[in-house]
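Spelled out, the chains give:
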Amino acid sequence: MKIPTIAAVLGLAALTSAEVYLHETFSDGEGWKDRWTVSEHREDLGKMAVSTGEWYADENKSAGLRTTEDYRFYALSTPVKPFNTKGKDLVIQYDVKNDQNIDCGGSYLKVFSDSLEPKNFHGESEYNIMFGPDYCGSKAMVHAILNYKGVNHDLKKTVSAPKDLHTHTYTLVIKPDQTYQVLVDGDEKAAGNLIDDWSFLPPKKIKDPNAKKPEDWVDEAEIDDPEDKKPEGYDDIPEFIPDPEATKPEDWDDDMDGDWEAPSIPNPDYQGPWKAKRIPNPDYKGPWEHPEIDNPEYKVDNEIYVYDINNIGFDLWQVKSGTSFDNILVTDDIEYAEKVRKESLELAEKEKEAKKAFDEKPKEDEEKKEFVEEEEKDEEITIDLDAEEEEPKKVEDEEKEDAEDAKKPVKDEL
């Protein structure tokens, strides 16, 4: 009998402990309305509906939750199977398609604890994580904002978001060793350590508040050369002189125009205000560096990554509607997230073909319309030609009838 190794047992334990806390595909038509709660915080929130968008590769798999009204705020959320991320990987992943050619608006999602009030959900509701693309004009970026002790901290690195009409998959991975990854379509766009790439903690070192630069500290690298003297007559050189090549116009009348003066030009001998030459300062000590000390407010925190997760939702403003969200995934199973992402990317490639066909359809319809109009035009011409051929024949037949009538004998009327 083969006894499993410790590594195998641990691997099995890790496999069985991995869990999917939410995987929303919107594949059951109107069923999403039973799972998602639309906020009642304001009355003019935009409406959302499940739709494939204007082009799609698979009518069922391509269906996503879509914004439907322009110039609207959107606020809705759904519960996640409650869990705490301590000792676990966290993966937030979802698909976004902006087939309306978005000009200004958000496409990000937010992750919440149990403090969220779904019916009173609004822009100021406290969240744990905000992740996903945001657009405004030419600016297109991926947010990765993490809450730490009630304060939101944005990722220091800049991650660009694709700005096109196709489906893209956004992934945020946070691990117990406090490292992270931001992926777009499976490609790593940012990675590193939470402490380094967010400003969660105060600096480890601070300037010593008791240290001051000595009064006799010389930090001027150069000084005026005391041996350098201003040449005699230097200040007598004018900045401008009369143009030696100028001549008085022939029509100049001194009585009428006054005494003629040549126009001024820059003096080529003028060198500007005199300055002594600079030489190295023999007393220079270099730049003074403020001494640093350990920051008493700095404390190591190895659990910055830990969150209680209970809800996920969208809190958006969109100028132009038409964004679709799909495959919203919250899990601690990185391999499962990769599998879902691979399926999304394969479908996205097929959607590109669907988009190409969608773009070509108006051209085909226009060509068909032109063909039908041309056929109708040809038919009208044929009818007109037939009519023109029949008209001389009709005239000729009438003339023959008149000639026959003329040949008949005329009977005298008694």
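Just so it is clear, the structure is predicted and the values come from calculations on it, not from any experiment.

**Notes on the layout of surface pockets**
Stage number 1. There is about 440 Å³ of room inside the largest pocket.
Stage number 2. The wall of the largest pocket is formed by 24 residues, among which Lys61, Asp326, Asn327, Glu343 and Leu347 lie closest to the centre.
Stage number 3. Put simply, the parts of the chain that give the lining of the largest pocket at least two residues each are β6 (90-98), β22 (323-331) and α5 (334-407).
Stage number 4. Among the elements that make up the lining of the largest pocket, the one with the highest residue count is α5 (8 residues).
Stage number 5. For the lining of the largest pocket, the residue count by class is 5 nonpolar, 10 polar and 9 charged.

**Topic: the UniProt feature "binding site: an alpha-D-glucoside" (unreviewed entry) in the chain**
Stage number 1. The sites that carry the UniProt feature "binding site: an alpha-D-glucoside" (unreviewed entry) are, in the present numbering, Tyr108, Lys110, Tyr127, Asp134 and Asp315.
Stage number 2. Along the polypeptide, tyrosine 108 turns up in the loop between β7 (104-106) and β8 (109-112).
Stage number 3. When sequence neighbours within four positions are dropped, the list of residues in contact with tyrosine 108 reads Tyr94, Met130, Phe131, Gly132, Pro133, Asp134, His143, Phe314, Asp315 and Leu316.
Stage number 4. Locating tyrosine 127 in the fold gives a position in the loop between β8 and β9 (129-136).
Stage number 5. Filtering out sequence-adjacent residues up to four positions away, tyrosine 127 remains in contact with Lys110, Val111, Phe112, Ile145, Asn147 and Asn152.

**Concerning the packing of aromatic side chains**
A ring pair, where both rings are aromatic, is described by two values, the distance of the centres and the angle of the planes.
Stage number 1. Taken as a whole, this structure holds 13 aromatic pairs when the rule is applied.
Stage number 2. Both rings, one in tyrosine 94 and one in tyrosine 170, keep their centres 6.3 Å apart while their planes meet at 40°; by these two values the pair is tilted. Residue tyrosine 94 is located in strand β6, and its partner tyrosine 170 is located in strand β12 (residues 167-174); the two are separated by 76 residues in the primary sequence. We note that tyrosine 94, like tyrosine 170, is buried.
Stage number 3. For the ring pair phenylalanine 112 and phenylalanine 121, a centre distance of 5.1 Å and an interplane angle of 80° mean the geometry is edge-to-face.
Stage number 4. With relative accessibility at 0%, the residue phenylalanine 112 sits in the buried group.
Stage number 5. An aromatic cluster of at least three residues, connected via ring pairs, comprises Phe26, Trp36, Tyr94, Tyr170, Phe314 and Phe325.
Stage number 6. The ring of tryptophan 55 has lysine 355 sitting right over it, with the charged end atom 5.0 Å from the ring centre.

**Some details on the side chain of serine 62**
Stage number 1. In this structure, serine 62 sits in the loop between β3 (48-51) and β4 (64-67).
Stage number 2. Judged by relative accessible area, which is 8%, serine 62 ranks as buried.

**Points about a nonpolar patch on the surface**
Stage number 1. On the surface, a cluster of nonpolar side chains totalling about 310 Å² of accessible area is made up of Tyr71, Phe73 and Trp317.
Stage number 2. Its place among the elements puts tyrosine 71 in the loop between β4 and β5 (72-84).

**Points about the nonpolar core**
Stage number 1. Tyr94 and Phe131 are the most contacted members of the largest nonpolar core, which totals 60 residues.
Stage number 2. Sorting elements by how many residues they give to this core places strand β10 (residues 139-148) first, with 6 residues.
Stage number 3. Those residues in contact with phenylalanine 131 that sit more than four places away from it in its chain are Ile92, Tyr94, Tyr108, Leu109, Val142, His143, Ala144, Tyr170, Thr171, Leu172 and Val182.
Stage number 4. Core analysis: the second largest hydrophobic core is formed by 5 residues, Val91, Val173, Leu329 and Val340 among them.

**With respect to the environment of tyrosine 270**
Stage number 1. Its place among the elements puts tyrosine 270 in the loop between β18 (264-266) and β19 (278-280).
Stage number 2. The exposure class of tyrosine 270 is partly exposed, given its relative accessible area of 30%.
Stage number 3. Once the C-alpha coordinates of tyrosine 270 and isoleucine 241 are considered, the two residues, 29 residues apart in sequence, prove to be 9.8 Å apart.
Stage number 4. Excluding residues that lie within four positions of it along the chain, tyrosine 270 makes contacts with Ile237, Pro238 and Glu239.

**Topic: the pattern of salt bridges**
Side chains that carry opposite charge are capable of pairing whenever their charged atoms lie near each other.
Stage number 1. For the structure on display, the rule yields 19 salt bridges.
Stage number 2. Between lysine 86 and glutamate 303 there is a salt bridge, with the nearest N and O atoms lying 3.1 Å from each other. Of the two residues, lysine 86 is situated in the loop between β5 and β6 and glutamate 303 in the loop between β20 (292-294) and β21 (308-318); the sequence distance between them amounts to 217 residues.
Stage number 3. On the basis of relative accessible area, glutamate 303 is assigned to the partly exposed category, the value being 39%.

**Comments concerning empty space enclosed by the protein**
Stage number 1. What the rule picks out here adds up to 2 cavities of 30 Å³ or more.
Stage number 2. What lines the largest cavity is Val96, Lys97, Asn98, Asn101, Ile102, Tyr135, Pro162, Lys163, Asp164, His166, His168 and Tyr170.
Stage number 3. For the lining of the largest cavity, the secondary structure elements donating two or more residues are β6 and β12.
Stage number 4. The greatest single-element share of the lining of the largest cavity, amounting to 3 residues, is contributed by β6.
Stage number 5. Of the residues contributing to the lining of the largest cavity, the split by class is 5 nonpolar, 4 polar and 3 charged.
Stage number 6. Roughly 30 Å³ of volume is contained in the second largest cavity.
Stage number 7. Along its surface, the second largest cavity is lined by Tyr234, Ile237, Asp269, Tyr270, Gln271 and Gly272.
Stage number 8. Grouping the constituent residues of the lining of the second largest cavity by class yields 3 nonpolar, 2 polar and 1 charged.

**Comments concerning the side chain of asparagine 310**
Stage number 1. Mapped onto the elements of the fold, asparagine 310 is located in strand β21.
Stage number 2. Taking the relative accessible area as the measure of exposure, asparagine 310 reaches 16% and is therefore buried.
Stage number 3. One polar contact links the side chain of asparagine 310 to the main-chain amide nitrogen of aspartate 114, over a distance of 3.1 Å.
Stage number 4. Discounting residues that sit within four places of it in the chain, asparagine 310 has contacts with Pro79, Val80, Pro82, Phe112, Ser113 and Asp114.

How each quantity is defined
Residues numbered from 1 in each chain as written. Predicted model: local features only at pLDDT ≥ 70, side-chain atom pairs only at ≥ 80, totals over all residues. Heavy atoms only, no water. 1 Å grid on protein atoms, 1.4 Å probe; cavity = no way out; pocket = protein on both sides within 12 Å on 5 of 7 lines; lining within 4 Å. Points joined across faces, edges and corners; volume = space filled by probe spheres on them. Helix = DSSP H or I, 4+ residues; strand = E, 2+ residues; numbered from the N terminus. Nonpolar A, V, L, I, M, F, W, Y, C, P; charged D, E, K, R; others polar. UniProt positions renumbered as here; feature names shortened; annotations may be inferred. Contact = heavy atoms within 4.5 Å. Phe/Tyr/Trp six-rings, centres within 6.5 Å; stacked < 30°, edge-to-face > 60°. Buried < 20%, exposed > 50% of the residue type's maximum accessible area, 1.4 Å probe, protein only. Lys NZ or Arg CZ within 6 Å of the ring centre and 35° of its normal. Patch = residues over 30% accessible without salt bridge, like charges linked within 9 Å, V, L, I, M, F, W, Y side chains within 5 Å. Areas by Shrake-Rupley, 256 points an atom, 1.4 Å probe, with all protein chains shown as cover. Salt bridge = Lys/Arg side-chain N within 4 Å of Asp/Glu carboxyl O. Core = buried A, V, L, I, M, F, W, Y, C linked by side-chain atoms within 4.5 Å. Polar contact = N/O pair within 3.5 Å; in protein donor to acceptor, adjacent residues only side chain to side chain.

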